[in-house]
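Architecture at a glance
The residues making up each chain are set out below.
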Amino acid sequence: MRVEVLGSGGATTTPRPGCTCRVCEEARAKGAPYVRTGPSVFVHGPNVLFDTPEESKLQLDRARIGDIAACFYSHWHPDHTMGRRVWETRNGDFRGWPREAKRQHFTDIYLPQQVAVDFRAYLGGMEHLEFMQQRGWIRIHELRDGETVLIGDVEIRPFRLAEDYVYAFELVGRDRRLLLAMDELNGWVPPAEVCGADLAVLPMGICEYDPFNGERRLHRDHPVLQYEATFVETLEIVDRLEAKRVVLSHVEEVDELGYDDLLRLPGALGRELTFAYDGLVVEV
Ligand SMILES: [Zn+2]
Ligand SMILES: [Zn+2]
């Protein structure tokens, strides 16, 4: 398996429209890898996509992704789903006629149990997917909790995090194991069976403190601390996971950490970590 981070940003991407902070201005001036688009990961081998942020179609094109065997959605949040029209852009045949001569091209879309429930409740998610299914661009598969999906020779197992509307994924190939969590590690204690993976890709969490000098960056009573994992909490999860390699992604613009800062940070912390950037490729 080869893991490619298509988008390393979070709910706030870099540059953020209208923002003139150092990190956004640097991204405008230098482009990739200083620019961070929304959260999405592609796993080459099984050729599976995880989540479709607004920039999804641009990401897939930029990375020259050809075959997509399937797409899994981790949860309903807009930063992970609002690029779902990519299935229309990518698969639709708007020229072929008569109808029977139209190119048939669809993508299998997998929704874990609660994600399907939430797509019916929020943002018109299921309505939009059903519209695309009717036109033949996608096939929707709803999964029950505990179900796994075999794509090529890789078994994909979605499982709920502590924030139990959100799923992480375990991908098991011949002799390799990948743990992929797109977001929302708040309160999660990794169960034994997911520990010791060859690679774990995780969201880095929000920076309550400046990770270089420890200064508080968020008010201690800020409500976001109740429902988001912090960077410090994420490092505790990393310690428990004992993965052979760790990539941290979902980097929020509001944390004002640039590409160069995140290159320096593992050394400053004395840790073996890789911070993701758009286009990062890791072999598993
Ligand atoms: Zn997110
Ligand atoms: Zn900014």
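Whatever comes next refers back to the structure up there.
What counts, and at which threshold
For every chain, the first residue of the written sequence is number 1, and numbering continues from 1 along that sequence. As a convention, the first chain written is A and the first ligand written is 1, with the rest following in written order. Totals for whole chains, interfaces and linings use every residue, but because this is a predicted model, local features are given only for residues with pLDDT of at least 70 and side-chain atom pairs only at 80 or more, for both listing and counting. Each side-chain value is derived from all of the structure's non-hydrogen atoms; neither hydrogens nor water enter the calculation. Whether two strands pair comes down to DSSP finding at least two bridges between them. Helix and strand labels come from DSSP, where a helix needs a run of H or I of at least four residues and a strand needs a run of E of at least two; each type is numbered from the N terminus. Angles shown run from 0 to 180 degrees and are taken between the N-to-C directions of axes, each axis being a line fitted to C-alpha atoms and, for helices, limited to the stretch in contact. A carboxyl oxygen of Asp or Glu within 4 Å of a side-chain nitrogen of Lys or Arg is what we treat as a salt bridge. Throughout, exposure labels follow a simple rule: accessible area from a 1.4 Å probe, protein chains only, divided by the maximum for the residue type, with under 20% read as buried, over 50% as exposed, and the rest as partly exposed. We call an atom a donor if it is N, O or S and sits within 2.8 Å of the metal, or 3.2 Å for Na, K and Ca. Water is not counted, so some sites may look partial. In short, tetrahedral needs four donors with all angles between 85 and 135 degrees, square planar needs four and octahedral six donors with opposite donors over 155 degrees apart and all other angles between 65 and 115, and whatever is left is irregular. Only heavy atoms enter the contact rule, under which two residues are in contact if any of them lie within 4.5 Å.

Our focus in this paragraph is the sheet that holds strand β3 (residues 48-50). Strand order in the open sheet made by the seven strands is β6-β5-β4-β3-β2-β1-β14, with mixed pairing throughout. For this open sheet the edge positions go to β6 (138-142) and β14 (281-283), each flanked by a neighbour on one side alone. On average, adjacent strands in this sheet sit at an angle of 20 degrees to one another, irrespective of strand direction. Note: strand β1 (residues 2-7) against β14, three bridges, orientation antiparallel. Counted as the bridge partner of Val-3 is Val-282 from β14.

This brings us to the sheet that holds strand β11 (residues 199-203). Strand order in the open sheet made by the seven strands is β7-β8-β9-β10-β11-β12-β13, with mixed pairing throughout. A strand with exactly one partner marks an edge of an open sheet, and here the two such strands are β7 (149-151) and β13 (274-275). With two bridges joining them, strand β12 (residues 246-249) and β13 adopt parallel strand pairing. Residue Leu-248 lies in a different strand from β13, and its bridge partner there is Phe-275.

Below, the discussion takes up the pattern of salt bridges. Taken as a whole and assessed by the stated rule, the structure comprises 17 salt bridges. A salt bridge links Arg-16 to Glu-253; the shortest N-O distance between them is 2.7 Å. With a gap of 237 residues between them, Arg-16 in the loop between β1 and α1 (22-30) and Glu-253 in the loop between β12 and α9 (259-269) connect regions that are remote in the sequence. The partly exposed category is assigned to Arg-16, whose relative accessible area is 34%. For the salt bridge of Glu-170 with Arg-177, the shortest nitrogen-to-oxygen distance reads 3.0 Å. The structure contains a network of salt bridges with shared partners spanning Arg-22, Asp-261 and Arg-264.

For the zinc ion (ligand 1), every protein donor is listed as Asp-79 (OD), His-80 (NE2), Asp-183 (OD) and His-250 (NE2), and the spread of their distances is 2.0 to 2.2 Å. For the zinc ion (ligand 1), the four donor atoms are set out with angles of 86 to 154 degrees between them, so the coordination reads as irregular. Read in sequence order, the donor residues coordinating the zinc ion (ligand 1) give the pattern D-H-x102-D-x66-H. Across this residue pair, the class does not change: Asp-79 and His-80 are buried.

Moving on: the coordination of the zinc ion (ligand 2). At the metal site, the zinc ion (ligand 2) is ligated by Cys-19 (SG), Cys-21 (SG), Cys-24 (SG) and Glu-253 (OE), and these contacts range over 1.9 to 2.2 Å. Coordination at the zinc ion (ligand 2) comes from four donor atoms whose angles at the metal span 101 to 116 degrees, giving a geometry best classed as tetrahedral. When the donor residues of the zinc ion (ligand 2) are listed from N- to C-terminus, their spacing reads C-x1-C-x2-C-x228-E. Remark: Glu-253 occurs in the loop between β12 and α9 and Cys-24 occurs in helix α1; sequence separation between them is 229 residues. Taking the relative accessible area as the measure of exposure, Glu-253 reaches 3% and is therefore buried.

Let us look at the side chain of His-77. Its location among the elements puts His-77 in the loop between β4 (70-72) and α3 (78-81). Discounting residues that sit within four places of it in the chain, His-77 has contacts with Tyr-165 and Glu-184.

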